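Residues per chain, in single letters:
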Amino acid sequence: MQLEHYLNSSFPNLKLRPPLFYNWELGIRFELGDPNEEDIKNYMERVYSRATTLFKALHSAKDEIIIVANIHHDGEENLFRRRKIKTFQHYIKSKKVLYRLQHNVIPYVFEDVYDIYDFETHRFALNCQVADVKYANLIKAICNQDMGIKPKISHDVFFVNLSKNSIFHIYDDRGCDVIASSKESIRFLYEQYNNWILKYDEEAIDRLFLN
């Protein structure tokens, strides 16, 4: 199923960009990193553990997913048109799966936020199953983006779960967003990992699930 068709059907009017939690009415924002932890090793161990735990709780091995990567560019070069990005090359188990990788150039996804019109977004999308992905390594690379730790992935990566009608996005080491087409499909995350919910948004999330 093509990404745009799926999003229009299950997440109408959603712009696939951060902050995902604030772009959709049904979601949870989780805290990954402990802002009071001064030891970087301990800090990152908690980040990796929480991010991977949440991903595994939401995704099953046979779930059909689309991994989406947004890369923003000023449009002066055609670099991204000519090569596949390493996000997929390094973290997908089979080269056969990589043949499904699709690339589209769309208007800059933040142009209405920043009034920037000379950028464009290169959107890469790969249909696969969770079992095809080295997701633990991929999650670590996403979490490393602002920490000066390699490997790292600096662009936005979204896990669109066609089987669960959910979208999972780690925005950086501080936290991640989970949204769904139905709040009941992610209620178990709210209940099981309630103490991981970001305090800043806790009241709004409680209202969603307790009403």
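Everything here concerns the structure above.
## Side note on a negative patch on the surface
Together, E37, E38, D39 and E45 make up a region of like negative charge exposed at the surface. Tracing the sequence through the fold places E38 in the loop between strand 1 (27-31) and helix 3 (40-58).

## Examining the pairing of strand 2 (residues 64-73)
Of all the 10 residues making up strand 2, eight are buried; the element is thus mostly covered by neighbouring parts of the structure. Relative to strand 4 (residues 120-129), strand 2 runs antiparallel, the two being bridged by 10 bridges. When the sheet's bridge partners are listed, H73 is paired in strand 4 with E120. As paired strands, strand 2 and strand 5 (residues 156-161) are joined by six bridges and run antiparallel to one another. When the sheet's bridge partners are listed, I65 is paired in strand 5 with N161.

## Let's talk about the side chain of T121
Within the secondary structure, T121 sits in strand 4. Of note is the side chain of T121, whose polar atom sits 3.0 Å from the side chain of H72. Excluding residues that lie within four positions of it along the chain, T121 makes contacts with N70, I71, H72, N104, V105, I106, P107, Y108 and V109.

## Notes on the sheet that holds strand 5
Spatially, 1-7-6-5-2-4-3 is the arrangement adopted by the seven strands of the open sheet, whose pairing is antiparallel. Here the strands that pair on one side only, and so sit at the sheet edges, are strand 1 and strand 3 (102-107). Ignoring which end each strand starts from, the neighbouring axes of this sheet average 20 degrees apart. Alignment of strand 6 (residues 166-172) against strand 7 (residues 175-180), held across six bridges, turns out to be antiparallel. Note on strand 7: the bridge partner recorded for S166 is A180.

## Concerning unusual backbone geometry
In this structure, the amide linkage connecting P18 to the following residue, P19, adopts the cis form with an omega of 0 degrees. Tracing the chain through its elements places P19 in the loop between helix 1 (3-10) and helix 2 (20-23). The peptide bond linking K150 to P151 adopts the cis configuration, its omega dihedral lying at 0 degrees. Secondary-structure assignment places P151 in the loop between helix 8 (135-143) and strand 5.

How each quantity is defined
Every chain begins its residue count from 1, and numbering advances along the sequence as written. This being a predicted model, a pLDDT of at least 70 is required before a residue's local features are given, and a value of 80 or more before pairs of side-chain atoms are given or counted; all residues contribute to the totals for chains, interfaces and linings. Hydrogens and water molecules were not included; the side-chain quantities draw on all heavy atoms of the structure. What goes into a patch is any residue over 30% in relative accessible area without a salt bridge, connected to like charges within 9 Å or, for nonpolar side chains (Val, Leu, Ile, Met, Phe, Trp, Tyr), within 5 Å. Computed with the Shrake-Rupley method and a 1.4 Å probe, the accessible areas treat only the protein chains shown as cover for residues. Whenever a carboxyl oxygen of Asp or Glu lies within 4 Å of a side-chain nitrogen of Lys or Arg, that contact is scored as a salt bridge. The convention is simple: Lys and Arg are positive, Asp and Glu are negative, and His and the chain ends are not counted. Charged groups are reduced to one reference atom each: NZ for lysine, CZ for arginine, CG for aspartic acid, CD for glutamic acid. A run of H or I in DSSP counts as a helix once it spans at least four residues, and a run of E counts as a strand once it spans at least two, with each numbered from the N terminus. In this scheme, a residue with accessible area under 20% of its type's maximum is buried, one over 50% is exposed, and one in between is partly exposed, where area comes from a 1.4 Å probe on protein chains only. Criterion used throughout: strands pair if DSSP finds at least two bridges between them. Between N or O atoms, a polar contact is any pair within 3.5 Å; within protein, one atom must be a potential hydrogen donor and the other a potential acceptor, and residues adjacent in sequence are included only when both atoms are from side chains. Whether two residues are in contact is decided by their heavy atoms: any pair within 4.5 Å suffices. Where helices are involved, their axes are fitted lines through C-alpha atoms of the stretch in contact, as for all axes, and angles between N-to-C directions lie from 0 to 180°.

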